[in-house]
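# Fold and contact review
For reference, the chains in residue letters:
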Amino acid sequence: DQQVKQNSPSLSVQEGRISILNCDYTNSMFDYFLWYKKYPAEGPTFLISISSIKDKNEDGRFTVFLNKSAKHLSLHIVPSQPGDSAVYFCAAKWAGNMLTFGGGTRLMVKP
Amino acid sequence: DGGITQSPKYLFRKEGQNVTLSCEQNLNHDAMYWYRQDPGQGLRLIYYSQIVNDFQKGDIAEGYSVSREKKESFPLTVTSAQKNPTAFYLCASNKDQGGGWQPQHFGDGTRLSIL
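Here is a short report on the structure shown in this document.

Parameters at a glance
Residues numbered from 1 in each chain as written. Chains lettered and ligands numbered in written order. Predicted model: local features only at pLDDT ≥ 70, side-chain atom pairs only at ≥ 80, totals over all residues. Heavy atoms only, no water. Helix = DSSP H or I, 4+ residues; strand = E, 2+ residues; numbered from the N terminus. Contact = heavy atoms within 4.5 Å. Salt bridge = Lys/Arg side-chain N within 4 Å of Asp/Glu carboxyl O. Buried < 20%, exposed > 50% of the residue type's maximum accessible area, 1.4 Å probe, protein only. Pairing = 2+ DSSP bridges. Phe/Tyr/Trp six-rings, centres within 6.5 Å; stacked < 30°, edge-to-face > 60°. Core = buried A, V, L, I, M, F, W, Y, C linked by side-chain atoms within 4.5 Å. Polar contact = N/O pair within 3.5 Å; in protein donor to acceptor, adjacent residues only side chain to side chain.

Attention shifts here to the environment of Y32 of chain A. You can see Y32 of chain A is positioned in strand β4 (residues 32-38). With 19 residues separating them in the primary sequence, Y32 of chain A and S51 of chain A have C-alpha atoms 4.5 Å apart. For Y32 of chain A, the contacting residues outside a window of four places in its chain are S49, I50, S51, A91, A92 and K93 of chain A together with W101 of chain B.

Laid out in structure tokens, this is it:
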């Protein structure tokens, strides 16, 4: 039973445009949501998080939106750059330190 | 520089062989984790440890074993009982909840393949 789902396995965006990556979850007990970025053959790098009591968190070009009623979160990258090309994982935190990950979305930013 | 070091980067296992993946951190983190990533899939938790000399099974612990004898080290053994060990293995760590929550930091992974 996948509690965190990323329904789009891949996304292609033109450089300078907005990238929107989506994530759905089913468990209302998650208290934080996170986005990680991963390059091939490397470990994931933490990007941004949001508390379940917030609806938006912004850090530079990255903004995460949380819609609790829809159990949906999204990551917006504006403007997108070729270096943003990577696999993005959303994750949800529960029981203190535990994370449940989505399956990932491969973002390709074309120059 | 503080970080998480996983070794080796690539590892090959023969049939019936146990292999051990190393994970060392110098971040003074209390909690450590092992994940497995298969192609096109997310990370799945194998084992975790929140304190020295204690560890818990994750979602896919069968065929794996761990130890936590030192705070800095959390080695993972892939035993011969693990029938499909080919995967990318990731180690992570973070501070214990009592110190205020922080995101998990990851090492660069070990890719395990079967000969």
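Once you've had a look at it, read on.
This next bit is on the pattern of salt bridges. Here the structure, examined in full by the defined rule, presents 6 salt bridges over all chains. In this structure, the salt-bridge partner of E58 of chain A is K56 of chain A, at a minimum N-O distance of 4.0 Å. For R61 of chain A, the salt bridge is made with D84 of chain A, and the minimal N-O distance between the two is 2.8 Å. On the criterion of sequence distance, the pair formed by R61 of chain A in the loop between β6 (56-59) and β7 (62-67) and D84 of chain A in the loop between β8 (72-77) and β9 (86-94) is long-range, its members being 23 residues apart. We classify D84 of chain A as buried; its relative accessible area is 2%. The network of salt bridges with common partners includes R36, D38 and R44 of chain B.

Turning to the pairing of strand β11 (residues 105-110) of chain A, a few remarks are in order. All names here are of chain A. A one-sided burial pattern is seen for β11, the buried positions being T105, L107 and V109 and the unburied ones R106, M108 and K110. Note: β9 against β11, 3 bridges, orientation antiparallel. By the bridge assignment for β11, Y88 is matched with T105.

Before going further, it helps to spend a moment on the packing of aromatic side chains. As enumerated under the stated definition, the model contains 13 aromatic pairs over all chains in all. With a centroid separation of 4.5 Å and an interplanar angle of 40°, the aromatic rings of Y25 of chain A and F33 of chain A are classed as tilted. Here the two residues Y25 of chain A and F33 of chain A agree in accessibility, since each one is buried. Taken together through their ring pairs, the aromatic side chains of Y36, F46 and F101 of chain A together with Y33, Y35, Y48 and F106 of chain B make up a single cluster.

This part takes up the nonpolar core. Grouped together as the largest cluster of nonpolar side chains are 23 residues, with contacts concentrated most on F33, W35, L73, L75 and Y88 of chain A. Secondary-structure elements contributing two or more residues to this core are β3 (19-25), β4, β5 (45-51), β7, β8, β9 and β11 of chain A. By residue number, the principal contributor to this core is β9 of chain A, which donates 4 residues. Excluding residues within four positions of it along the chain, F33 of chain A makes contact with Y25, I48, S49, I50, S52, L66, L73, A91 and A92 of chain A. Among the nonpolar cores identified, the runner-up in size contains 20 residues, and V19, I60, A61 and L112 of chain B belong to it.

Attention now goes to the side chain of H76 of chain A. Residues and elements named next belong to chain A. Relative to the helices and strands, H76 resides in strand β8. Side-chain polar atoms of H76 contact the side chain of S74, separated by 3.4 Å. Beyond its immediate stretch of four places on either side in the chain, H76 contacts I18, S19, I20, R61, F62, T63 and F65.

As far as function goes, none of this settles anything; it's purely spatial.
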